[in-house]
Structures are given as C-alpha cells and as structure tokens.
Amino acid sequence: MNNNTVLELENISYKYKNDLILNKVNLKINSGEKIALLGKSGSGKTTLISILNGTIKPTQGEVKLFNKSFEELDRKQKSKITTIWQDLRLIEDLSAEQNVNCGLLAENNFYFAFKNLLNISSFKKAHKYMKLCRLHTSIYDKKIRKLSGGQKQRVAIARSLIQESNILLADEPFNNLDPKLITTIKNLLLENVDKNNTKKSPKTALVALHRLDLLNDFDKVIGIRDGKIFFNIKRNNLKKIHLEEIF
Amino acid sequence: MNKLKLNYTSLSFLPILVCIPLGYQLINNIHFGGFKLFQDFLISAFNPKIDNEIIITVIKRLNETILIGFFSWLVSIIFGAIFGIISSNIFYKIFNIPNFFYRIIRFFLTIIRSIHEVVWGILLMQIYGINFSIGIIAICIPYIAVNSKVFAEQLETIDYKSFESINQINAPKFSSLLTLIWNPIINTFKNFGLYRLECSIRSTVILGLFGIGGIGTSIFLSFQTLNFRELWTYLWSLAILIILSGLIFKKIKFNTTNKILSIFFISVFFITILFSFSYFLYFIFNNNFENFNSVSSLFKSSSDLGLFDFLKLVLETIILSLLSTGIAISLPPLVIGIFNNNTSKIFIKIFAFLLRLIPTPVILLTLLTFNNPSVSLAALTLGLHNAGITSKLLFTNLDSQDKRNYIAMKSLGISKKTSWLLGLFSQQAKSYLAYCAYRSDIIIRETAIVGVIGSVGLGWQLQESLSSFAWQEVTLVLIAYSSIAIVGELINGKIKNSLT
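So, how was this worked out
Residues numbered from 1 in each chain as written. Chains lettered and ligands numbered in written order. Predicted model: local features only at pLDDT ≥ 70, side-chain atom pairs only at ≥ 80, totals over all residues. Heavy atoms only, no water. Helix = DSSP H or I, 4+ residues; strand = E, 2+ residues; numbered from the N terminus. Rg over C-alpha atoms; globule rule 2.2 N^0.38 Å. Buried < 20%, exposed > 50% of the residue type's maximum accessible area, 1.4 Å probe, protein only. Areas by Shrake-Rupley, 256 points an atom, 1.4 Å probe, with all protein chains shown as cover. Lys, Arg positive; Asp, Glu negative; His and termini not counted. Charge placed at Lys NZ, Arg CZ, Asp CG, Glu CD. Phe/Tyr/Trp six-rings, centres within 6.5 Å; stacked < 30°, edge-to-face > 60°. Lys NZ or Arg CZ within 6 Å of the ring centre and 35° of its normal. Contact = heavy atoms within 4.5 Å. Buried area = accessible area lost by both parts, 1.4 Å probe. Salt bridge = Lys/Arg side-chain N within 4 Å of Asp/Glu carboxyl O. Patch = residues over 30% accessible without salt bridge, like charges linked within 9 Å, V, L, I, M, F, W, Y side chains within 5 Å. Core = buried A, V, L, I, M, F, W, Y, C linked by side-chain atoms within 4.5 Å. Pairing = 2+ DSSP bridges. Axes fitted to C-alpha atoms, helices over the stretch in contact; angles between N-to-C directions. Parallel < 35°, antiparallel > 145°, perpendicular 65-115°, else oblique. Left-handed = near helix turned anticlockwise from the far one by under 90°. Nonpolar A, V, L, I, M, F, W, Y, C, P; charged D, E, K, R; others polar. Expected span 1.5 Å × (residues − 1). Disulfide = S-S within 2.5 Å.

Remarks on the overall build of chain B
A tally of regular secondary structure across chain B gives 22 helices and zero strands. Taken over C-alpha atoms, the radius of gyration comes to 24 Å for chain B, in line with the 23 Å a tight globule of 500 residues would show. Overall size of chain B, expressed as C-alpha extent along the three principal axes, is 70 × 65 × 55 Å. With 500 residues in all, chain B has 55% of them scored as buried. Accessible area of chain B: about 23,600 Å², with a carbon and sulfur share of 69%. Charge separation in chain B, taken as the distance between the mean sites of 37 positive and 22 negative side-chain charges, equals 13 Å.

This is the structure:
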C-alpha cells in the first residue's frame, strides 16, 4: 500500500447463505481518484460498496482505510467516508431538511440530534446543500414519504454532501434524475466545493453506474461480474470488448 | 369466495360450542332467591338516584378515579417507552450489546405483564395497607410491561436499512438511537397512548372495587348495601366520563412540529421520571412494611394447599380462560349476524357498551343473585364483558368496510343473513380472529378478577392465601398464574403470526 492509497481491499470474499457474492476481490483506491464501477444488476456492486464503507463485514479478507483495518479506526475516522445508497435509506417520517441534517450527526453531539428532531436546530447548512441540489424551498419541511423519486434522490445526495467527506461511495446516484440535473449533481459529487461554490480539493469517489455516457468525468473504470473484478483500467483504455465481458 | 376465507369465518363461530357445557352448568345452578334483586338492579338503571349529596360524591369519586388513572397512565406510558426501547433489538444493534440481555429483559417484562393489576393491587394492599398511591403503583407495574411490549413491537418495524444508513454516518450511538426511534415512539404514543389512558381509568375503577378508592369503591359499597339506584348513578356517571373522554381524545391532535408543545412534552417526560424516582425512594424508606413481617414464612412455612387441589385450581383457571375466550370470540358475530337490521344494531351497540362499562365484578355479583358460584358463571361474566369489547371492534371494522359485495349478493336474491356472512363478515374474519388472539391474552389475566369474586380458580386461592398471610401459597399461585399467562401468550402469539 503506498501513502496515496486511501481504501484497500485485500482478498475480499463475501458469502450470503450459500451464494458467493464477492470472490477474492483485490482493490486499491488512491486519493483523488474518481472510479466508475460498472456491472450488471446482481454482479456484486452494492455488496462491494457496503464492504468498503464497513456496513457489512467480509466473510474473508481485510478492508483498510488509511492503511488501518476498519476495527482499528475510531468513529471520526470512519466518518470520512460518505455513501449514497441505491435505495437511498432516508428516514421516511422525518422531513427533507431533518434527513439532510442527519449527515451532521457524526460531527455533533446528542443535543444536536435532539434539536434536529424537535425542529429547533439550525438548518442553514442543510438548506445550502439542498439548494445546491436544486431542491425547491417548498419541500424543505416536507416528510420524505411525500416527495417524488427525484426529490428523494437529491435529498439523499444533499445528506451525503453535507458530511463534506473526502471519500464518496455512491450506488447509482443518478437514478430518478433528469438529464439537466445529472450534470449539476455529478459535478457536486465529484468535486469538493467551498462555501463560495468553488472547487476546493480533489475528492476520492467510487461510483456504481449503469449509464456509459456518464463515464467522461472518471479517471478509472472497474468492471465487475459475478462477484469478480474483470478489469480495473484507466477510462481512456476502456474498449468495447471490456464492456462485452461484463454486460 | 375461496375456501381459506370460509375457514376463518367458520373458526370465528366454532368457539360458541363452549355454550353447551356452560349452559348445562348454569341451568343446573339456577336459584330463584335473588330474582327480585336482579329485577331491582335492572329497573334502577332507568331510575338512578340524583340529589345534591350524591352529585357531590360522584364528582369527588370521579376526581379520585381520574387522578389515579391519569398518574398511573403517565408513569406507565413513559416508563413503558423506556423499557420498550431497552427491550427492542435496535437498541442492542446500535450499542453492539449481545442479544442475551435483550432476552432477559423481555422475559422479565413478560412475567410482570402476566400478572393482572388487580393481583398486584391485592398483593400490595396486603403488604402496605390501603393507600392512594398503591392504586397507581398496582396499575403501573403491569402497564409498564404491557406498554413496553407495544413500543418494542413498533421499534422492531424500523427499517434495517435506515439503521445501516445512520450507522454508516458514524454518528454518536445515542444520536443514532434517538434519530431512529423518535418517530416510531411518537407514532405509538399518538395511536396507542390515549387508548391506554382509557384502560388506566377502567383499571382504577376495578381496583376501586377492591378498596383502592375512587368511583369503583362507591360502586362496590352501593352494591354491597343493595342500593342499586345509587349504583346506577355511579355507573352512568362513569359512562359519561368514558364517552366524554373518548370524544376529547378524538379531538386531540399531537403536533410534534410545534416547538413549544414539544418542549412541554419533554419537560413532562423528565419531570415524571424525576418525580417517579423520588417517590419510589420515599415509598421504600417511609414504609414500615408492617404487614409484610411474615416474609420469612415464605421460606419456612409449609403450604396447606395439596397438590391435587392446586392442580384443580390451575385446571379451573385454564377452563375459565377457554370458555370466556369462546364467548368473547363467537358471541358478537353470531348476535350481529342473526339480528342484522338497523334497530337491532342500535340495541346491540348499547348492550355491548353496558357490558364494557359495568366492571366484571359487578356483572358477576349481579349474576350471582340467581346463580350459584361456578366456573361457568365466572366464564360467562368474563366472556360477556370481553364480548362487549370485541363487538366494538367488529362494529367499527364492519361499518368502515366496503359494502359492495354485500349489496351485490343481496341483489342476487341471497338472504340478508347469508349476504352479511359472506359479503361482509368473511372479509373481516381474519383480522377479527387476530385481535381475538390478542384479547385472549388479556382474558387469561382477567380470570384473577372473576376468580376472587366468583370463588373459582387461582384468583380465589390468591385471595384466601393473602388473607391468611400464607406467603408460600401466594408465591405458588403467582407462579402458576404467570406460567399460564406466559404459555397463553406464546400460543396466542403463534396464532396471531399465522393470521397476520
């Protein structure tokens, strides 16, 4: 592992019941790299992301973040990873702004969580990211279950952005978004921005995708099929034959 | 109509067969000495006593009932929520605590829940003497355990993916817990809290019959002196209280986005916890436990209760539960189905309301005026009271149901009764049976009340053993009660799961 590596998977396998979902996966993600993860549905993309963010433990192998295994990391270090889930995983009974504020739970104390639920916390930061995600002010205080698919998607993205983490893992983050919005959201996700909306520092990102037309902003492409990494190449080297292997 | 629905429908009627042995014993036990009393009791319902003196007593007694009911509700709902949280698996997942502890807490709460508040009340009165706060404590003990089960069940419905998502944010554990449980707790309180207040008031009335105070004590005293006009004044005033509280509850809407209201509720939450702990300490250190000086006999004395007698009492309690459950399940659909017209419906609703309103000991004492004490009489009492409750649910569900099937069947020339059975009731049978399974848990616990009054089962033995300070017997009876209730709850849980 070189000093530049932020996330590393060593010989990772994951078995669910009798099915081998991931099979001896090795992967290194360097700081600032933007990686697109391609593969069919059920190929193991979501499981790979869940292992990378520590949600599920691999049956075999080790996950390292900043050269330390997950067990050795404290809460603050773990919170440097943010995830956008394919199924969004928002809390349905909370409002959009409360859900976005949940992204700040890691850097705040219990009192903040309490105030958030009582609607007496500051939503200034949440509103900033919701605005960046082109969410209209009228939906800020609406319960998640009352929002459309696209609005929910952007709330989940805003919740991830508010964490201001340097490592982004995203599973199909552009679902439910119209083409105009995709470009805006893609830029937001792949670049860190400061309060003046100008680029700040490079962000490390691993994004699971279905759409090949979105690959332009990525440095590398990883192809996964049946729980195995078929290719891990620079985007410029991606050829039709690679795609035929995984789709 | 498919075969499966027909099965649920027939299962709803089948338990009425309990009426055959029950009726046989009741007919054999009839005596004619008390028919006049029974007649007076019924006539007095239309001619309650109303004068200044009794109105002042009613207000005073209702005040006491509301106070005991309200405070026991407040404490039990708050501690119920706390115990609900620590007995839900989400708590253990967040804090990475082994599930072993969660099973211990749940088991402990199941035991506490299995003993009816009347039993707790009688037990505590025997130890500490009659005291206003004993009523609150006696209700709170099982109610905390009951409420905790409801809260825990709601917390089990939290989407595991939301937990994973919050967990992945790596927030402090308490922040994650609070964020995840907040809405399920608030929603449970909204949907269930006010109903539990009504239950608390009913329990206060029942405990009053055993001397705790409030309107229940007045009801019992007027029954003992055969002053039925006065008795009906108390019963009607109780009815007005229940109807009024029901109307008020319907109007109350909790708005958790109202900041001032939220802060008020949170203040009440913490003040109640603080006050409860302070009172608990005061209670422990300021009671001289005069009546409990025979605690050592729990380990020394041998019980006079023979094994055969004891097993007979256990069997009686089980039979009592089964017979009562049979009546509570089948009587409402049978009566509603047979008398299926608008006028009859009104009468059935009034009758069901009266069955719910009149405390079971009063129903039993009334029936005892013309029937000897027996398991069947106790079962009839408990069955009728609970049929009043199950019929309310059935009416509510049937009234809100889509009636197109029923109308379509009638238009085909099918009789009104058959159309009701197949077009209306059959759609409700499954959920009705699921509710009845839950109700039968309560019936098992309530056998204690009718047992004490009606000289049957373990309830009677408990009263006898407590009166003679035979603590070993008391312990034995409580263990038996608890075991029956726990086994019953397990069986009903399986039935409920298969029905939902």
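So much for the structure itself; the text now carries on.
Let's talk about the packing of aromatic side chains
Summed over the entire model, instances satisfying the criterion amount to 30 aromatic pairs over all chains. Note on Phe-100 of chain B and Phe-101 of chain B: the rings are 5.6 Å apart at their centroids and 70° apart in plane angle, and the pair reads as edge-to-face. By relative accessible area, which is 55% here, Phe-100 of chain B ends up exposed. Measuring from centroid to centroid gives 5.6 Å for Tyr-435 of chain B and Tyr-438 of chain B, while their planes differ by 50°, and the two rings are tilted. One end of the pair is Tyr-435 of chain B and the other is Tyr-438 of chain B, both in helix 20 (residues 416-454) and three residues apart, which spans about a single turn. According to the relative accessible area criterion, Tyr-435 of chain B is buried, its value standing at 19%. Residue Tyr-438 of chain B is classed as partly exposed on the basis of its relative accessible area of 26%. These aromatic residues form a ring-pair network of at least three members: Phe-110 and Phe-114 of chain A together with Phe-91, Tyr-92, Phe-95, Tyr-102, Phe-174 and Trp-182 of chain B. The ring of Phe-395 of chain B carries Lys-349 of chain B above its face, with NZ or CZ at 5.0 Å from the centroid.

Notes on the interface of chain A and chain B
The partner chain B presents 22 residues to the 31 residues of chain A that form the contact. Here chain A packs against chain B, burying approximately 2,500 Å² in sum over the two surfaces, 63% of which is carbon and sulfur. On inspection of chain A and its partner chain B, the count reaches two salt bridges. Among the ionic pairs, Asp-87 of chain A bridges to Lys-161 of chain B, the shortest N-O distance being 3.0 Å.

Some thoughts on a nonpolar patch on the surface
Judged by side-chain polarity, Ile-240, Ile-243, Leu-244, Leu-247, Ile-248 and Ile-252 of chain B come together as a nonpolar surface patch covering roughly 550 Å² of accessible area. Mapped onto the elements, Ile-243 of chain B comes out in helix 12 (residues 228-251).

Details of unusual backbone geometry
Residue and element names in this part refer to chain A. Positive phi, close to 70°, is recorded for Asn-67, a residue that is not glycine. Relative to the elements of secondary structure, Asn-67 occurs in the loop between strand 4 (60-65) and strand 5 (68-69). Despite not being glycine, Glu-172 shows a phi value in the positive range, around 50°. Position of Glu-172 among the secondary structure elements: in the loop between strand 7 (167-171) and helix 7 (179-190).

Focus: the nonpolar core
Among the nonpolar cores identified, the biggest contains 182 residues, and Phe-174, Val-207 and Leu-209 of chain A together with Phe-210, Ile-219 and Leu-458 of chain B are the most heavily contacted of them. Considering every element that reaches this core, the biggest residue donor is helix 10 (residues 173-209) of chain B, with 15 residues. If you look at the next biggest cluster of nonpolar residues, it comprises 27 residues, including Leu-9, Ile-35, Val-63 and Ile-222 of chain A.

Digging into the pattern of salt bridges
Taken as a whole and judged by the stated rule, the model has 22 salt bridges over all chains. Between Arg-211 of chain A and Asp-213 of chain A there is a salt bridge, and its shortest N-O distance comes to 2.7 Å. Each of Arg-113, Lys-149, Glu-153, Arg-445 and Glu-489 of chain B takes part in salt bridges that share partners, so that together they form one network.

Let's talk about the pairing of strand 6 (residues 81-84) of chain A
Residue and element names in this part refer to chain A. On strand 6, burial covers both faces: Ile-81 and Thr-83 on one face and Thr-82 and Ile-84 on the other are all buried. As defined by bridge partners, strand 6 adjoins strand 7 across four bridges and the pair is classed as parallel. From the neighbouring strand, Ile-84 faces strand 7, where its bridge partner is Ala-170.

Observations regarding the packing of helix 10 of chain B against helix 11 (residues 215-224) of chain B
Residue and element names in this part refer to chain B. Running from N to C, helix 10 and helix 11 point in directions that differ by 45°, and their axes come no closer than 6 Å. One finds that helix 10 runs oblique with respect to helix 11. In the crossing of helix 10 with helix 11, the sense of the turn from one axis to the other is right-handed. In this structure, helix 10 uses Val-205, Gly-208 and Leu-209 to contact helix 11, whose residues at the interface are Ile-215, Gly-216, Thr-217, Ile-219 and Phe-220. Residue classes in the contact of helix 10 with helix 11 are distributed as five nonpolar, three polar and no charged.

What about the sheet that holds strand 12 (residues 228-234) of chain A?
The strands that make up a sheet pair up through hydrogen bonds in the backbone, lying either parallel or antiparallel. All names here are of chain A. With mixed pairing, six strands are arranged side by side in an open sheet as 6-7-10-3-11-12. The open sheet is flanked by strand 6 and strand 12, the only strands paired with a single partner. Within this sheet the neighbouring strands show an average axis-to-axis angle of 15°, counted without direction.

Some details on helix 13 (residues 259-285) of chain B
At 3.6 residues per turn, the α-helix brings residues three or four places apart onto the same side. In this model helix 13 of chain B runs 39 Å from its N-terminal to its C-terminal C-alpha over 27 residues, within 8% of the 39 Å that 1.5 Å per residue would give. Of the residues making up helix 13 of chain B, those classed as buried are Ser-262, Ile-266, Thr-272, Ile-273, Ser-276 and Phe-283 of chain B. Elements that come into contact with the buried residues of helix 13 of chain B comprise helix 4 (110-118) of chain A together with helix 4 (52-86), helix 7 (117-128), helix 8 (132-155) and helix 10 of chain B.

Digging into the environment of Ile-414 of chain B
Residue and element names in this part refer to chain B. Relative to the helices and strands, Ile-414 is located in the loop between helix 19 (404-411) and helix 20. For Ile-414, a relative accessible area of 32% translates into the label partly exposed. Among residues more than four places away in sequence, those in contact with Ile-414 are Met-409 and Ser-419.

So, the packing of helix 15 (residues 307-338) of chain B against helix 22 (residues 471-499) of chain B
All names here are of chain B. Between helix 15 and helix 22, whose axes approach to 11 Å, the crossing angle comes to 35°. Here helix 15 runs over helix 22; the crossing is right-handed. Residue-level inspection shows Phe-310, Val-314, Thr-317 and Ile-318 of helix 15 in contact with helix 22, the latter providing Leu-476, Val-477, Ala-480, Tyr-481 and Ile-484. When the residues that make up the contact of helix 15 with helix 22 are grouped by side-chain class, the tally is eight nonpolar, one polar and no charged.

Notes on the sheet that holds strand 5 of chain A
All names here are of chain A. Read from one edge of the open sheet, four strands run 2-1-4-5, paired in antiparallel fashion. Pairing within the sheet leaves two strands with one partner each, and these edge strands are strand 2 (19-30) and strand 5. Relative to strand 2, strand 1 (residues 5-16) is paired through eight bridges, and the arrangement is antiparallel. Bridging from a neighbouring strand, Glu-8 pairs with Lys-28 of strand 2.

Looking at a positive patch on the surface
A cluster of basic side chains, namely Lys-142, Lys-143 and Lys-146 of chain A together with Lys-190 of chain B, defines a positive patch on the protein surface. Relative to the assigned elements, Lys-143 of chain A resides in the loop between helix 5 (124-132) and helix 6 (149-162). Judged by relative accessible area, which is 31%, Lys-143 of chain A ranks as partly exposed.

A short note on the state of the cysteines
Residue and element names in this part refer to chain B. In total, this model carries zero disulfides over all chains according to the counting rule given. With no disulfide of its own, Cys-140 lies 14 Å from the sulfur of Cys-199, the closest cysteine sulfur. Of the residues examined, Cys-140 reaches a relative accessible area of 7% and is grouped as buried. Judged by relative accessible area, which is 12%, Cys-199 ranks as buried.

The values are spatial; any link to function lies outside them.
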